[in-house]
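Each chain, written out:
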Amino acid sequence: KQEVTQIPAALSVPEGENLVLNCSFTDSAIYNLQWFRQDPGKGLTSLLLIQSSQREQTSGRLNASLDKSSGRSTLYIAASQPGDSATYLCAVKETSGSRLTFGEGTQLTVNP
Amino acid sequence: DAGVTQSPTHLIKTRGQQVTLRCSPKSGHDTVSWYQQALGQGPQFIFQYYEEEERQRGNFPDRFSGHQFPNYSSELNVNALLLGDSALYLCASSFNDWLSEKLFFGSGTQLSVL
């Protein structure tokens, strides 16, 4: 059974700091990995999707990497802003199925 | 272009009642998945509908059932509600999800069971 873990559970940083969020998964047989953002009480917004054959994806100040063999992914946020405050979730899609398995998320607070 | 829409946004029910949640997928999408997200947890997969049939199901009891209509919209039904069913219910749509890329999520229905 696939399990996804995110560390840390919560993170508070001053504005402008660069930061890294971590995600690990137990079964390396994945089809892709996605990072999502969730604002309180809201739905999920997809930030980056990395196919299993890729090593990283970039969008603006966000960079996500994937090391499938070690079961790890990182989300790097450069020059953090208060508007980045949200919960960040990673999810893996299994090769043989269509469901997403999510981690519990990292709650990020960026202080002005 | 409307994204994924869910209704209602909030719902309060009592134990033992039944509830129906609704989802309209993003234009052009034909696959709908439902997820349950308890407070402070990541979403948990309930089931997925494609071509009006349940294609895959997560570890949820038979009290949770669904339906997909010819226009690809979907309903989630929960019978005999328990306090533990209180959660944010999220609908996600995609195109033929077996090989698709990103999922698009709605804003969810917040269900409170008293």
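Residues numbered from 1 in each chain as written. Chains lettered and ligands numbered in written order. Predicted model: local features only at pLDDT ≥ 70, side-chain atom pairs only at ≥ 80, totals over all residues. Heavy atoms only, no water.

Participant: Let's hear about the packing of aromatic side chains: which residues, and what values?
Facilitator: The tally for this structure, following the rule as stated, stands at eight aromatic pairs over all chains. Pairing Phe36(A) with Phe102(A) gives two aromatic rings, centres 5.6 Å apart and planes at 40°, and the pair type is tilted. One end of the pair, Phe36(A), is in strand S4 (residues 30–38); the other, Phe102(A), is in strand S10 (residues 100–102), and 66 residues separate them in sequence. There is no split in this pair, since Phe36(A) and Phe102(A) are both buried. Aromatic pair Phe60(B) and Phe64(B): ring centres 5.1 Å apart, planes at 65°, arrangement edge-to-face. Given the relative accessible area of 15%, Phe60(B) is considered buried. Residue Phe64(B) is classed as buried on the basis of its relative accessible area of 2%. Here the basic side chain of Lys26(B) rests over the ring of Phe104(B), its NZ or CZ set 5.2 Å away from the ring centre. (Phe/Tyr/Trp six-rings, centres within 6.5 Å; stacked < 30°, edge-to-face > 60°. Helix = DSSP H or I, 4+ residues; strand = E, 2+ residues; numbered from the N terminus. Buried < 20%, exposed > 50% of the residue type's maximum accessible area, 1.4 Å probe, protein only. Lys NZ or Arg CZ within 6 Å of the ring centre and 35° of its normal.)

Participant: Can you break down the state of the cysteines residue by residue, with the values?
Facilitator: This structure, assessed with the given rule, holds two disulfides over all chains. The disulfide bridge from Cys23(A) ends at Cys90(A), spanning 1.9 Å between sulfur atoms. Judged by the sign of its S-S torsion, about 70°, the cystine formed by Cys23(A) and Cys90(A) is right-handed. Residue Cys23(A) is located in strand S3 (residues 19–25), and its partner Cys90(A) is located in strand S9 (residues 86–94); the two are separated by 67 residues in the primary sequence. Take Cys23(A) and Cys90(A): they sit in the same class, and that class is buried. Residue Cys23(B) pairs covalently with Cys91(B) via a disulfide, S to S 1.8 Å. Its S-S torsion of about -60° marks the bond between Cys23(B) and Cys91(B) as left-handed, since a negative value means left-handed. Of this pair, Cys23(B) sits in strand S3 (residues 19–24) while Cys91(B) sits in strand S9 (residues 87–94), and the two are 68 residues apart along the sequence. Here Cys23(B) and Cys91(B) have matching classes, each one buried. (Disulfide = S-S within 2.5 Å.)

These figures come from the coordinates and say nothing about function on their own.
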